[in-house]
2 protein chains.
Amino acid sequence: MNQGTPKKPDYEREMRRAGIRITRPRRVILDILAGCEDHPDAMEIFQRASAIDKSISLSTVYRTMKLLEGMGAIHRHAFEGGPARFEQASGEHHDHLIDLDTGDVIEFHSRRIEELQDEIARELGYEIVHHRLELYGRRKKRRG
Amino acid sequence: MNQGTPKKPDYEREMRRAGIRITRPRRVILDILAGCEDHPDAMEIFQRASAIDKSISLSTVYRTMKLLEGMGAIHRHAFEGGPARFEQASGEHHDHLIDLDTGDVIEFHSRRIEELQDEIARELGYEIVHHRLELYGRRKKRRG
DNA sequence: AGTCTTATTGCAAACGATTTGCAATTGCAT
DNA sequence: ATGCAATTGCAAATCGTTTGCAATAAGACT
């Protein structure tokens with residue numbers, strides 16, 4: 001359902017061009033995000049960053065996430081209950097299926113659903129700026 | 001897109017049956033929710049309740065919302081940014097279009113989208129417990 | 001490399017939304 | 001009426017996140 005090469009855009013270049021300084025904390029966080037298969041929250045990113053550089057603070061993680069979000073480098077997801085979780089914005093757009101038992105996040109995409117969303121919004125006189133589609137479910141138990 | 005008689009189920013009866021006490025604060029909050037066209041947050045409910053009974057506390061509003069949510073009497077929505085907003089669970093299921101400029105919430109429903117969701121989950125080996133579909137948009141400016 | 005300017009940092013304190021401990025109150029079965 | 005557990009209000013605690021501020025460090029310019 002979801003595929004796509006996990007492109008690795010050069011955010012350092014982009015930041016430099018925008019006059020944003022490349023600091024050690026930012027480099028570390030950027031690296032963590034780039035090599036991320038999952039959807040970590042701020043605390044998890046903070047811990048992974050701490051493992052690399054003890055001095056990085058949680059505030060800086062939050063500030064950096066906000067910065068990157070503003071740049072469009074990452075997406076912020078507010079799944080039910082928990083803290084915000086982040087993912088690199090490189091791949092194509094997708095929605096999420098959250099495993100209620102494990103917290104795992106599975107990505108999927110349906111062009112058809114998006115078309116229907118647009119259609120609905122249009123009929124209501126709206127233009128969609130963005131949307132959020134999250135499925136919360138449990139793994140189907142397979143016989144055996 | 002959305003219609004349907006706003007049924008007014010007798011939650012007092014249901015609560016009594018479940019051994020849950022009908023207290024004054026609960027009755028007030030229940031009434032507020034029943035006569036609600038919008039999607040108020042806890043503070044708004046608290047204020048409307050205070051107007052009827054000064055002594056009702058915000059904690060009780062929160063506790064009652066949790067109770068009612070557990071009973072399935074209301075739905076809790078965590079739209080972007082703001083606090084949780086609530087609505088009576090009486091009507092049929094629907095999703096939400098949030099007006100980014102006004103915060104207004106428009107309800108809609110698409111059977112087709114739900115079917116597609118089920119299909120996607122099934123293909124991924126999951127059973128959907130519930131889902132969240134929110135469209136964030138702006139009113140289309142009409143020529144004129 | 002040395003110096004300057006200013007963005008960025010870490011820390012601790014503030015924040016908003018929500019939850020909780022506890023003693024006082026109240027619903028409701030008796 | 002009586003009694004006891006459920007519920008309340010209050011204040012304090014909690015969680016995730018943001019912010020003020022003085023110290024630090026990035027990058028531009030010698």
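Bear in mind the structure is a predicted one, so any value in this text is a computation, not a measurement. (Residues numbered from 1 in each chain as written. Chains lettered and ligands numbered in written order. Predicted model: local features only at pLDDT ≥ 70, side-chain atom pairs only at ≥ 80, totals over all residues. Heavy atoms only, no water.)

Draft legend 1. Quick look at the packing of helix 3 (residues 42–52) of chain B against helix 4 (residues 58–71) of chain B. Residues and elements named next belong to chain B. Direction vectors running N to C along helix 3 and helix 4 enclose 120 degrees, while the axes themselves pass 9 Å from each other. When the axes of helix 3 and helix 4 are compared, the pair comes out oblique. Seen from above, helix 3 lies across helix 4 with right-handed handedness. For the pair helix 3 and helix 4, contact is made by Ala-42, Met-43, Ile-45 and Phe-46 and by Leu-58, Val-61, Tyr-62 and Met-65, respectively. Here the residues of the contact of helix 3 with helix 4 sort into eight nonpolar, no polar and no charged. (Axes fitted to C-alpha atoms, helices over the stretch in contact; angles between N-to-C directions. Helix = DSSP H or I, 4+ residues; strand = E, 2+ residues; numbered from the N terminus. Parallel < 35°, antiparallel > 145°, perpendicular 65-115°, else oblique. Left-handed = near helix turned anticlockwise from the far one by under 90°. Contact = heavy atoms within 4.5 Å. Nonpolar A, V, L, I, M, F, W, Y, C, P; charged D, E, K, R; others polar.)

Draft legend 2. Representation of the interface of chain A and chain B within the structure. Taken together, the contacts link 34 residues of chain A with 34 residues of chain B. Between chain A and chain B, the buried area comes to about 3500 Å², and carbon and sulfur atoms account for 65% of it. Looking only at chain A, the three residues that lose the most surface to chain B are A:Tyr126, A:Arg132 and A:Lys140, adding up to 24% of its buried area. Counting the contacts that link chain A with chain B gives two salt bridges. For the salt bridge of A:Glu134 with B:Arg132, the shortest nitrogen-to-oxygen distance reads 3.1 Å. (Buried area = accessible area lost by both parts, 1.4 Å probe. Salt bridge = Lys/Arg side-chain N within 4 Å of Asp/Glu carboxyl O.)

Draft legend 3. Summary view of the relation of the copies chain A and chain B. The two copies are related by a screw motion: chain A maps onto chain B through a turn of 179 degrees and a shift of 0.0 Å along the axis, at an RMSD of 0.2 Å. Within this description, the copies of the chain are treated as partners about a two-fold rotation axis. Minimal C-alpha separation from the rotation axis in chain A is found for A:Leu133, amounting to 2.2 Å. A symmetric contact is evident, with 100% of the interface residues of chain A recurring at the interface of chain B. (Least-squares fit on C-alpha atoms with pLDDT ≥ 70 in both.)

Draft legend 4. Inspection of the protein's contact with DNA strand D at higher detail. Taken together, 21 residues lie around DNA strand D, and A:Tyr62, B:Arg26, B:Ser55, B:Thr60 and B:Arg63 are the ones closest in. Atoms of DNA strand D within 4 Å of the protein belong to the sugar or the phosphate in 66% of instances, the rest to bases. Take the surface near DNA strand D: its biggest share by element is five residues, from helix 4 (residues 58–71) of chain A. Looking at the surface near DNA strand D residue by residue, the class counts come to eight nonpolar, six polar and seven charged. (Near = heavy atom within 4 Å.)

Draft legend 5. Representation of the protein's contact with DNA strand C within the structure. The environment of DNA strand C is made up of 21 residues, and the closest members are A:Arg26, A:Ser55, A:Thr60, A:Arg63 and B:Tyr62. Restricting attention to atoms of DNA strand C within 4 Å of the protein, one finds that 67% of them are sugar or phosphate atoms. Contact between DNA strand C and A:Ser57: a phosphate oxygen at 3.0 Å from a side-chain N or O atom of the residue. Within the side chain of B:Tyr62, an N or O atom sits 2.5 Å from a phosphate oxygen of DNA strand C. Going through the elements one at a time, helix 2 (24–34) and helix 4 of chain A together with helix 4 of chain B are the ones with two or more residues in the surface near DNA strand C. Broken down by element, the surface near DNA strand C gets its largest block of residues, five residues, from helix 4 of chain B. Of the residues belonging to the surface near DNA strand C, the class tally is eight nonpolar, six polar and seven charged. (Polar contact = N/O pair within 3.5 Å; in protein donor to acceptor, adjacent residues only side chain to side chain.)

Draft legend 6. View of the domain arrangement of chain A. Residues and elements named next belong to chain A. Parsing chain A into structural domains produces domain 1 (11–88) and domain 2 (95–137). Computed from C-alpha atoms alone, the centre-to-centre distance between domain 1 and domain 2 is 24 Å. Listed by partner, the interface residues are seven residues for domain 1 and eight residues for domain 2. In total, about 640 Å² of surface goes out of reach between domain 1 and domain 2, with carbon and sulfur atoms giving 53% of it. Looking only at domain 1, the three residues that lose the most surface to domain 2 are His-39, Phe-79 and Glu-80, adding up to 61% of its buried area. (Domains from an automatic or database assignment.)

Draft legend 7. Here's a closer look at the pattern of salt bridges. Residue and element names in this part refer to chain A. In this structure the tally under the stated criterion is 16 salt bridges over all chains. One salt bridge in this structure joins Asp-53 and Arg-24, with 3.3 Å as the shortest N-O distance. One end of the pair, Asp-53, is in the loop between helix 3 (42–52) and helix 4; the other, Arg-24, is in helix 2, with 29 residues separating them in the sequence. Judged by relative accessible area, Asp-53 falls into the buried class, the value being 13%. (Buried < 20%, exposed > 50% of the residue type's maximum accessible area, 1.4 Å probe, protein only.)

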